[in-house]
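Observations on chain architecture
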Amino acid sequence: MYNDARKTEESASSLKKNLIAIINGDLIDCLRYQQKANTALYGAIAQFIHQRFSEVNAAVQSRSKMKDEVVA
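Now for a quick tour of the structure. Keep in mind it's a predicted model, so treat the numbers as computed, not measured.

What counts as what
Starting afresh in each chain, residues are numbered from 1 along the sequence in its written order. At least 70 in pLDDT is required for a residue's local features to be given in this predicted model, at least 80 for side-chain atom pairs to be given and counted, and no such filter applies to totals for whole chains, interfaces and linings, which use all residues. Side-chain figures throughout are based on the complete set of non-hydrogen atoms in the structure, without hydrogens or water. Secondary structure elements are defined from DSSP: runs of H or I of at least 4 residues count as helices, runs of E of at least 2 residues count as strands, and each element is numbered from the N terminus. Under the scheme applied here, a residue whose accessible area is under 20% of the maximum for its type counts as buried, over 50% as exposed, and between as partly exposed, the area being computed with a 1.4 Å probe on protein chains only. Areas reported here follow the Shrake-Rupley algorithm with a probe of radius 1.4 Å; residue values treat only the protein chains shown as occluding. Site definitions follow a grid-based scheme: protein atoms alone, a 1 Å grid, a 1.4 Å probe that fits but cannot get out for cavities, and for pockets an open set with protein on both sides within 12 Å along at least five of seven lines, plus lining residues having an atom within 4 Å of a point. Grid points are joined across faces, edges and corners, and a volume is the space filled by probe spheres set on the points.

1. So, the overall build of the protein
For the protein, the count of helices and strands is 3 helices and 0 strands. Secondary structure elements of the protein occur, N-terminal to C-terminal, as α-α-α. Residues counted as buried form 6% of the 72 residues belonging to the protein. For the protein, the exposed area adds up to about 6500 Å²; of that, 58% sits on carbon and sulfur atoms.

2. As for the layout of surface pockets
If you add up the space inside the largest pocket, you get close to 190 Å³. Considering the residues around the largest pocket, the lining is formed by Ile20, Ile23, Asn24, Phe53, Val56, Asn57 and Val60. Contributions of two or more residues to the lining of the largest pocket are made by helix H2 (12-37) and helix H3 (39-71). Among the elements that make up the lining of the largest pocket, the one with the highest residue count is H3 (4 residues).

Have a look at this one:
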C-alpha cells in the first residue's frame, strides 16, 4: 500500500523543476507586465523580488565556485 502511494507522488526534484519553470516563465513575465502597466503599485514588489532572486543566484554561484575549488 505504501509503495502504491509513492508511485502516484512526484519526486521533490520533479516538483522543484516544475516550480522553477512556473516562476521563471509565467510569474516573472506577469510581474514585468504589471510593473510596466502600473509602476506605482507593482514597482516596489518587483524590485524586491528581483533583489531576492539576485541574492539567491549569487549564493548558488558562490557555493558552486567553492565546490569547484575544493575539487580542483
